[in-house]
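# Structural characterization, general
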Protein chains: 2
Amino acid sequence: MGGFAMYLCRQKTLKMRVISRLGEYGLRALMYMAAHKSDTGYFNIRVMSQELDISFHFLTKILQGLTQRGLLQSYRGPNGGIGFLVPPDQITLATVVKALEGDDFFQNCLLGLPGCGERQPCPMHVFWTALRESLQTEFETTTLDDLGTQTLERHLRLKA
Amino acid sequence: MGGFAMYLCRQKTLKMRVISRLGEYGLRALMYMAAHKSDTGYFNIRVMSQELDISFHFLTKILQGLTQRGLLQSYRGPNGGIGFLVPPDQITLATVVKALEGDDFFQNCLLGLPGCGERQPCPMHVFWTALRESLQTEFETTTLDDLGTQTLERHLRLKA
DNA sequence: TATATTTAAGATAAAACACTCTTAAATATT
DNA sequence: AATATTTAAGAGTGTTTTATCTTAAATATA
Ligand code: FES
Ligand code: FES
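Residues numbered from 1 in each chain as written. Chains lettered and ligands numbered in written order. Predicted model: local features only at pLDDT ≥ 70, side-chain atom pairs only at ≥ 80, totals over all residues. Heavy atoms only, no water.

### Description of the protein's contact with DNA strand D
DNA strand D sits among 25 residues. The nearest are Arg17(A), Phe58(A), Tyr75(A), Lys61(B) and Ser74(B). The sugar-phosphate share of atoms of DNA strand D within 4 Å of the protein amounts to 69%. Contacts to DNA strand D include His57(A), whose side-chain N or O atom sits 3.5 Å from a base oxygen. Within the contact set of DNA strand D, a sugar or linking oxygen lies 3.2 Å away from a backbone nitrogen or oxygen of Gly77(B). (Near = heavy atom within 4 Å. Polar contact = N/O pair within 3.5 Å; in protein donor to acceptor, adjacent residues only side chain to side chain.)

Now the structure itself:
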């Protein structure tokens, strides 16, 4: 495991979990798939689970979910696997995250109060919604394909 | 329960949980205390738990933690309660959140990968750290006392 | 057809998180 | 001193999240 896949190994504990494991694993797997082109168009889930150090069955379930939502397609049997149904340059991070975490992902109050934006806003509302919209915009304008190249550009810019 | 306390009732489900229940309840309780001055300097936890619709024992435990960390002081017995040890205009949101969620609260990778900022950054790193720093800066420069007035100002600005 | 491979689906288990309960300690009031 | 009130502390319970296990279905190969 090297190069782009280096981004994709596991940790034990974490704080400020903006994205759940579902979202993390799903995103990492899709990033992996977008970065590693496949001859057949299909990726073996077990291999991926080993490369990414994610539980095979758990990853299977997550990808299964993305298949059911029409982002991926699967093929059973030898040399089967999972592949993009929608091409990765047309899948935004927002689409992935909403598919895995729920459509209301970008609508929550920082303090966990109900009806953010509908009822009277909490004291953090103005600040939080601005930040949240930045996050949402970035997620909506970044595709899976973008990630590798964007990162490369940023690295260059950082080192310059 | 009205006015400022209106911000402070409970919901059932939530997504994108930036702050855990611990942090949410702790922040809401401290916001309540900062907004409602007390004659004795102490607030009854049971009353607070009812006003905020938070489990009494759970809230007790959370405030207990903040007492142990030197932010609050408690007084047992009749007319006892919990009060600020550090005045609320000197307690930043960052202090509260770090006390409740851990000191590494503002240091986590968006994708949950280990060693954000130490190892080679993940594809979201540059974008995420910028956003995360905004959040951190806001939390570090906003005190509990600020919240009420800031909110008021913002409401006025919004309606103007 | 028989066998191996691979994902699908559902049940089960473990871990983390969010409470809840009980008892103890401190304080005030009587 | 006795009693009521209030927080402290720790054990216990329930729920959600995360992970695992088992069996089924689909496909390829021999
Ligand atoms: S109501 Fe809290 S962030 Fe919108
Ligand atoms: S390494 Fe992922 S956000 Fe820093």
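Anyway, onward from the coordinates.
### A word on the domain arrangement of chain A
All names here are of chain A. The domain boundaries assigned to chain A delineate domain 1 (19-91 + 144-160) and domain 2 (92-142). Taking only C-alpha atoms, the centre of domain 1 and the centre of domain 2 are 24 Å apart. At the interface, 18 residues of domain 1 touch 13 residues of domain 2. Here domain 1 packs against domain 2, burying approximately 1,200 Å² in sum over the two surfaces, 70% of which is carbon and sulfur. The largest per-residue losses of area from domain 1 upon contact with domain 2 belong to Ile19, Leu27 and Ile91, which jointly make up 32% of the total buried on that side. (Domains from an automatic or database assignment. Contact = heavy atoms within 4.5 Å. Buried area = accessible area lost by both parts, 1.4 Å probe.)

### Brief notes about the protein's contact with DNA strand C
Inspection of the region around DNA strand C gives 26 residues, with Lys61(A), Ser74(A), Arg17(B), Tyr25(B) and Tyr75(B) positioned closest. In the model, a phosphate oxygen of DNA strand C is placed 2.8 Å from a nitrogen or oxygen of the Ile45(A) main chain. Measuring from a base nitrogen of DNA strand C, one finds a side-chain N or O atom of Lys61(A) at 2.8 Å. Going through the elements one at a time, helix H3 (56-68) and strand E1 (72-75) of chain A together with helix H1 (21-35) and helix H3 (56-68) of chain B are the ones with two or more residues in the surface near DNA strand C. Residue contributions to the surface near DNA strand C peak at four residues, all from H3(A). Among the residues making up the surface near DNA strand C, the classes are represented as nine nonpolar, eleven polar and six charged. (Helix = DSSP H or I, 4+ residues; strand = E, 2+ residues; numbered from the N terminus. Nonpolar A, V, L, I, M, F, W, Y, C, P; charged D, E, K, R; others polar.)

### Let's talk about the confidence of the model for chain A
All names here are of chain A. Chain-level pLDDT for chain A is 85 on average; 83% of the residues reach the 70-or-more range. Per-element confidence in chain A is highest for strand E2 (residues 81-84), whose mean pLDDT is 98, and lowest for helix H6 (residues 144-159), whose mean pLDDT is 62. Long-range and interchain partners of residues 1-14, a stretch whose pLDDT sits below 50, account for 41 contacts in this model, where long-range means more than four residues apart. Within the model, the stretch residues 155-160 combines pLDDT values under 50 with four contacts to residues more than four positions away or in other chains. (pLDDT = per-residue confidence, 0-100.)

### With respect to unusual backbone geometry
Despite not being glycine, Asp53(A) shows a phi value in the positive range, around 55 degrees. Assignment of secondary structure puts Asp53(A) in the loop between helix H2 (45-52) and H3.

### Focus: helix H4 (residues 93-101) of chain A
Residues and elements named next belong to chain A. Taken across its nine residues, H4 has seven buried, putting it largely inside the fold. Considered for burial, the residues of H4 that qualify are Leu93, Ala94, Val96, Val97, Ala99, Leu100 and Glu101. Immediately downstream of H4, the backbone of glycine 102 shows phi near 120 degrees, a positive value. (Buried < 20%, exposed > 50% of the residue type's maximum accessible area, 1.4 Å probe, protein only.)

### Some words on the environment of Leu66(A)
Residues and elements named next belong to chain A. Inspection of the secondary structure assignment puts leucine 66 in helix H3. The sequence separation of leucine 66 and phenylalanine 84 amounts to 18 residues, and the corresponding C-alpha distance is 9.7 Å. Beyond its immediate chain neighbours, meaning those up to four positions away, leucine 66 contacts Leu30, Leu71, Leu72, Ala99 and Leu100.

### Section: the nonpolar core
Core analysis: the largest hydrophobic core is formed by 94 residues, its most contacted members being Val18(A), Phe139(A), Val18(B) and Phe139(B). Setting aside chain neighbours within four positions, we find Phe139(B) in contact with Leu110(A), Met124(A), Phe127(A), Ile19(B), Thr92(B), Leu93(B), Ala94(B), Val97(B) and Phe106(B). (Core = buried A, V, L, I, M, F, W, Y, C linked by side-chain atoms within 4.5 Å.)

### Some remarks on the side chain of Glu101(A)
All names here are of chain A. Its location among the elements puts glutamate 101 in helix H4. On the basis of relative accessible area, glutamate 101 is assigned to the buried category, the value being 7%. Looking at glutamate 101, its side chain comes within polar contact range of the main-chain nitrogen of serine 20, at 2.8 Å.

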